[in-house]
Structures are given as structure tokens and as C-alpha cells.
Amino acid sequence: MFRVVTKYRCGKPRPVIERGPWHTSSEMAHFWADTLRNQGYTTEVEEGLGSKMPGGDNSNADLAEALASMA
């Protein structure tokens, strides 16, 4: 899975960072990154891995383990 990360300044000292929706193909993500770059934005394509991805294992096992250790 791939998504476009867009950075721009909105008259503030810190840049605004927006993360787009996940795409199943790198070609589609690069298409959108190039399109936004042509409009003057700074972009990069981010690749997602593991169970944090949509459609992956959403069992929240890590969260459950962390909460159990707090009890």
C-alpha cells in the first residue's frame, strides 16, 4: 500500500503535512504525487507495511497487550 504525503506552508513557521488515502499500486500514488508536485506542492510517496495498514490484521493485539500490562 502506498500514499502521498504532501507538505506546504500556509503562512506559518511550521509546514502543513497532509497524508492522503492509501493506494494499492505505487503507480497510482506516484501519479498523484507528480500531479500535486506540478501544482507546486512538496510530495513524497510513503509505503506502508504490517498490520497498521487498512485491510490488514486489525486485531489490535498490540493495543490489547499494552493495556493488559498496565492493569
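Treat the numbers as computed from the prediction; the structure is a model and nothing was measured. (Residues numbered from 1 in each chain as written. Predicted model: local features only at pLDDT ≥ 70, side-chain atom pairs only at ≥ 80, totals over all residues. Heavy atoms only, no water.)

Trainee: Would you mind going over the overall build of the chain with me for this structure?
Mentor: Each helix and strand in the chain was counted, giving 2 helices and 3 strands. Beginning at the N terminus, the succession of helices and strands in the chain can be written as β-β-α-β-α. Buried residues in the chain amount to 15% of all 71 residues. Partitioning the contacts of the chain with sequence separation of at least 6, the portion at a separation of at least 24 is 49%. About 5,600 Å² of surface is accessible on the chain, with carbon and sulfur atoms providing 55% of the total. (Helix = DSSP H or I, 4+ residues; strand = E, 2+ residues; numbered from the N terminus. Buried < 20%, exposed > 50% of the residue type's maximum accessible area, 1.4 Å probe, protein only. Contact = heavy atoms within 4.5 Å. Areas by Shrake-Rupley, 256 points an atom, 1.4 Å probe, with all protein chains shown as cover.)

Trainee: Would you explain the side chain of R3 in this entry?
Mentor: Structurally, R3 can be placed in strand β1 (residues 2-8). Of note is the side chain of R3, whose polar atom sits 2.5 Å from the side chain of E46. (Polar contact = N/O pair within 3.5 Å; in protein donor to acceptor, adjacent residues only side chain to side chain.)

Trainee: I tried to follow the sheet that holds strand β3 (residues 42-47) on my own but got confused; where do I start?
Mentor: Read from one edge of the open sheet, 3 strands run β2-β1-β3, paired in antiparallel fashion. Two strands in the sheet have a free side with no partner beyond their single neighbour: β2 (16-19) and β3. Strand-to-strand twist of the sheet, defined as the mean angle between neighbouring strand axes without regard to direction, takes the value 20 degrees. Bridge count between β1 and β2: 4 bridges; the pairing is antiparallel. (Pairing = 2+ DSSP bridges. Axes fitted to C-alpha atoms, helices over the stretch in contact; angles between N-to-C directions.)

Keep in mind these values describe shape, not function.
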